[in-house]
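One-letter residues, chain by chain:
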Amino acid sequence: MNSRLLKANVAGVLILALILAFLPLVVKDPYILHIFVMIFFYAVYALSWNFLALSGQLSLGHAAFLGLGCYTTALAVKMGFPLGVAVAFAPLIAGLAGLFLGVICVRLREWFLALATLAFSIILEPIFGSWEFAGRRGGIPVPSFFGPGKYLFIQEYYLFFAFFLASSIVLYWLLKGTRLGVAFSAIRQNEFEAELSGINTVRYKLICFIISAFFAGLAGAFYAQYVGRITPKIFSLDYSLMPALIAIVGGCYVSWGPIIGSAIIMVLFEGLKMVPLYGMSVARMIIIGFLLILFVIFAPRGLAPIISRPRFRRGKT
Amino acid sequence: MIGGSIIIQVLVWGIILGCIYALAASGFSLIFGVTKVINLAHGELIMIGGYVSFWLAVLTGLNPYLFIPLAVAVSSVISIVFYSLGFHKIMGAEKLREAFLAIGFTYVIENMAVLMWKEDTRVVPSPYRQQFIVVGGFNLGVDQLITIAGTAIVLLAFFFFIMKTKWGKMARAVSQNREAAMMIGVNVVRIDMLTFAVSGAMAGVGGALLGVILYLNPYMGLGLTIMAFTIVVFGGMGSILGAVVGAIILGIAQQYAVFFLGGEWSYAVAFALLILILVLRPQGLFGGGG
């Protein structure tokens, strides 16, 4: 990324951040703020997915890391650890799971990798669903950060998740600019040539897996805090497909992609809930299905490149 | 202590499930082999095939096995639509786009099925429901025997088609080298379409049989697709024999898992076997090369 483009990006983020930071002063409706919280959360989650995609690795089982993050916090608290420690555990356990899965999958590519990750997340569902200590299928309640019975206001959650998203994006940029990021995109573009030019592809792919899982786990810890109860459904296919869906709508490999994608998907899902249709959710899913088909055929690279195209022209990249 | 006869009964159920899986997986494998598309909407064709025979059998009150040809026709037409309106337009694109195109199709078909037939679980009424044949001391349902025989016939016809006919030869040529096949005058697009039609037809048979011996549900498609995919990777990408053997193995494993551990473990066990095979033998049971 050249310096001019970077400046444009930073300026864009700052302006957006300012607008979003003052939004709760204007918008008081908790439902709308809830949608924003979900947009922020899914953007972070999709960003962690995107990070793995940077090194050309396709995951359809990211819910495994998200869910492990959620469950780790809840279980650690139940075992008597203080909350700060419990939250810190979440990304560590998720990162370890990432290392484990990465070692298993290191020789797998494309579809094989996607299927193996999917398999991993689906195996976790009955394991947690039949674990007595984790509350079986009913799930486990997640106690509040601030002592029993003290919950944050939706405005505070809003600011918290906004801050979480902003710092994740900054971190994403920083990591992308380092040797790591360069190595990842080299591996993505041509793994064989990357190996030839002296990149230890196995090691870098593992690192990428660990970092991605780490962030998904952290997002899970905060998500658990927000929803208050975790059930084994967190490992289901819906949660795994979401970040990939967001990436394909928003655009892969660009930091803007997950944010734009997440905003569009959430607004679309919530907006269609308000349309009075026969058979409500059924009709909604048919519309979403058709939109997805059209989208895949006519907007192959997602919306982020389309939206930011004029800037690319001026910026002589 | 669990009696030996129950163990064998579960084994038979596993083989039956394996038959349905074999029909699903060999069609899935054929599409992958020829067009390199991973058709994640493949399971929807099975679901639709099952509902077509259910619908007609209930409406007319006739024997549901009479409607298998119609189920085949509907499933293969929908499969051709998948290809010509969808996959054909994004051939050779990123794999992720293919996946989401198929998921778009899945949402549309699945929810249209809910609109037409409601969310309830249905069973196709069969006139042979209570009839059994005693084989070596065990009761085998007539429907189960029909499923096994029907699967065997369809798979043999499929082998014959791929190995002996001119169209099968062309399909194999395309699967080996697309450009070269094009150069010697094979109409690749027509072969692709044929491939989708054949695999849709097999899915239709699978669905019609599945509806009689198990049950139908509008949301069953994606699970079947994932199982077909798992089986194809398990048995070895591109190997039809691997798909059939893998289907039987995973079908049996799943039924035992359901019997001993409970229903929620059925997918987990299949996937545990998949991960095991990916670690020990990444090319799959019958896959050649690396």
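Residues numbered from 1 in each chain as written. Chains lettered and ligands numbered in written order. Predicted model: local features only at pLDDT ≥ 70, side-chain atom pairs only at ≥ 80, totals over all residues. Heavy atoms only, no water.

Attention shifts here to the overall build of chain B. Along the backbone of chain B there are 11 helices and two strands. Of the regular secondary structure in chain B, the N- to C-terminal order runs α-α-α-α-β-β-α-α-α-α-α-α-α. Dimensions of chain B, computed from C-alpha atoms along their principal axes, come out at roughly 60 × 50 × 35 Å. Across chain B, every contact between residues at least 6 apart in sequence was considered, and the portion connecting residues at least 24 apart equals 76%. (Helix = DSSP H or I, 4+ residues; strand = E, 2+ residues; numbered from the N terminus. Contact = heavy atoms within 4.5 Å.)

Secondary structure assignment for chain A yields 14 helices and two strands. Total accessible area computed for chain A in this model is approximately 14500 Å², and 71% of it derives from carbon and sulfur atoms. (Areas by Shrake-Rupley, 256 points an atom, 1.4 Å probe, with all protein chains shown as cover.)

Taken together, the side chains of Leu-18, Phe-22, Leu-25 and Val-26 of chain A present a nonpolar region at the surface, about 460 Å² in accessible area. On the secondary structure map, Phe-22 of chain A appears in helix 1 (residues 3-26). (Patch = residues over 30% accessible without salt bridge, like charges linked within 9 Å, V, L, I, M, F, W, Y side chains within 5 Å. Salt bridge = Lys/Arg side-chain N within 4 Å of Asp/Glu carboxyl O.)

Turning our attention to helix 8 (residues 188-213) of chain B. The terminal C-alpha atoms of helix 8 of chain B, which comprises 26 residues, lie 38 Å apart, in line with the 38 Å expected from a rise of 1.5 Å per residue. Burial runs high along helix 8 of chain B: 22 of the 26 residues are buried. (Expected span 1.5 Å × (residues − 1). Buried < 20%, exposed > 50% of the residue type's maximum accessible area, 1.4 Å probe, protein only.)

The subject of this paragraph is the side chain of Ser-199 of chain B. All names here are of chain B. Residue placement: Ser-199 occurs in helix 8. Taking the relative accessible area as the measure of exposure, Ser-199 reaches 0% and is therefore buried. Here Ser-199 is in contact with Gly-27, Leu-30, Ile-31, His-42 and Ser-79, once residues within four sequence places are set aside.

Our next topic: empty space enclosed by the protein. Inspection of the entire model under this criterion finds three cavities of 30 Å³ or more. Quantified by volume, the largest cavity comes out at close to 130 Å³. Around the largest cavity, the lining residues are Leu-60, Trp-111, Ala-114, Leu-115, Leu-118, Leu-237 and Leu-241 of chain A together with Leu-40, Ile-103, Leu-222, Ile-226 and Phe-229 of chain B. It is helix 5 (residues 110-129) of chain A that provides the largest number of residues to the lining of the largest cavity, a total of four residues. A class-by-class count of the residues in the lining of the largest cavity yields 12 nonpolar, no polar and no charged. Reported here for the second largest cavity is a volume of approximately 100 Å³. If you trace the second largest cavity, you find it lined by Val-44, Leu-47, Ser-48, Phe-51, Ser-168, Leu-171, Tyr-172, Leu-175, Ile-211 and Phe-215 of chain A. Going through the elements one at a time, helix 2 (30-54), helix 6 (154-177) and helix 9 (201-227) of chain A are the ones with two or more residues in the lining of the second largest cavity. Residue classes in the lining of the second largest cavity are distributed as eight nonpolar, two polar and no charged. (1 Å grid on protein atoms, 1.4 Å probe; cavity = no way out; pocket = protein on both sides within 12 Å on 5 of 7 lines; lining within 4 Å. Points joined across faces, edges and corners; volume = space filled by probe spheres on them. Nonpolar A, V, L, I, M, F, W, Y, C, P; charged D, E, K, R; others polar.)

Throughout the structure, instances matching the rule amount to 36 aromatic pairs over all chains. When the ring centre of Phe-32 of chain B is taken as origin, the NZ or CZ atom of Lys-36 of chain B, which lies over that ring, is 5.9 Å away. (Phe/Tyr/Trp six-rings, centres within 6.5 Å; stacked < 30°, edge-to-face > 60°. Lys NZ or Arg CZ within 6 Å of the ring centre and 35° of its normal.)

As a further point, take the nonpolar core. In terms of nonpolar packing, the biggest core is built from 206 residues, with Phe-41, Phe-65, Tyr-71 and Phe-161 of chain A together with Phe-100 of chain B touching the most fellow members. Ranked by residues supplied to this core, first place goes to helix 2 of chain A with 18 residues. Excluding its chain neighbours within four sequence positions, the residues that come into contact with Tyr-71 of chain A are Phe-128, Ala-134, Gly-139, Ile-140, Ile-230, Thr-231, Pro-232, Ile-234 and Phe-235 of chain A. (Core = buried A, V, L, I, M, F, W, Y, C linked by side-chain atoms within 4.5 Å.)

Residues at a pLDDT of 70 or more form 90% of chain A, whose mean pLDDT is 81. Contacts for the low-pLDDT stretch residues 310-317 of chain A, under 50 throughout, to residues beyond four places or in other chains number 11 contacts. (pLDDT = per-residue confidence, 0-100.)

All names here are of chain A. Looking at the secondary structure, you find Ala-46 in helix 2. Through-space distance from the C-alpha of Ala-46 to that of Ala-244 is 7.1 Å; in sequence the pair is 198 residues apart. For Ala-46, the residues in contact, after removing those within four places along its chain, are Pro-243, Ile-246 and Pro-258.

This brings us to the pattern of salt bridges. Taken as a whole and assessed by the stated rule, the structure comprises three salt bridges over all chains. Between Glu-125 of chain A and Lys-233 of chain A there is a salt bridge, with the nearest N and O atoms lying 3.3 Å from each other. With a gap of 108 residues between them, Glu-125 of chain A in helix 5 and Lys-233 of chain A in the loop between strand 2 (229-230) and helix 10 (237-250) connect regions that are remote in the sequence. Under the relative-accessibility criterion, Lys-233 of chain A is labelled exposed at 52%. The residue Arg-178 of chain B makes a salt bridge to Asp-192 of chain B at a minimum N-O spacing of 2.5 Å. In this pair, Arg-178 of chain B sits in helix 7 (residues 178-183) while Asp-192 of chain B sits in helix 8, placing the two residues 14 residues apart along the sequence. We classify Asp-192 of chain B as buried; its relative accessible area is 1%.

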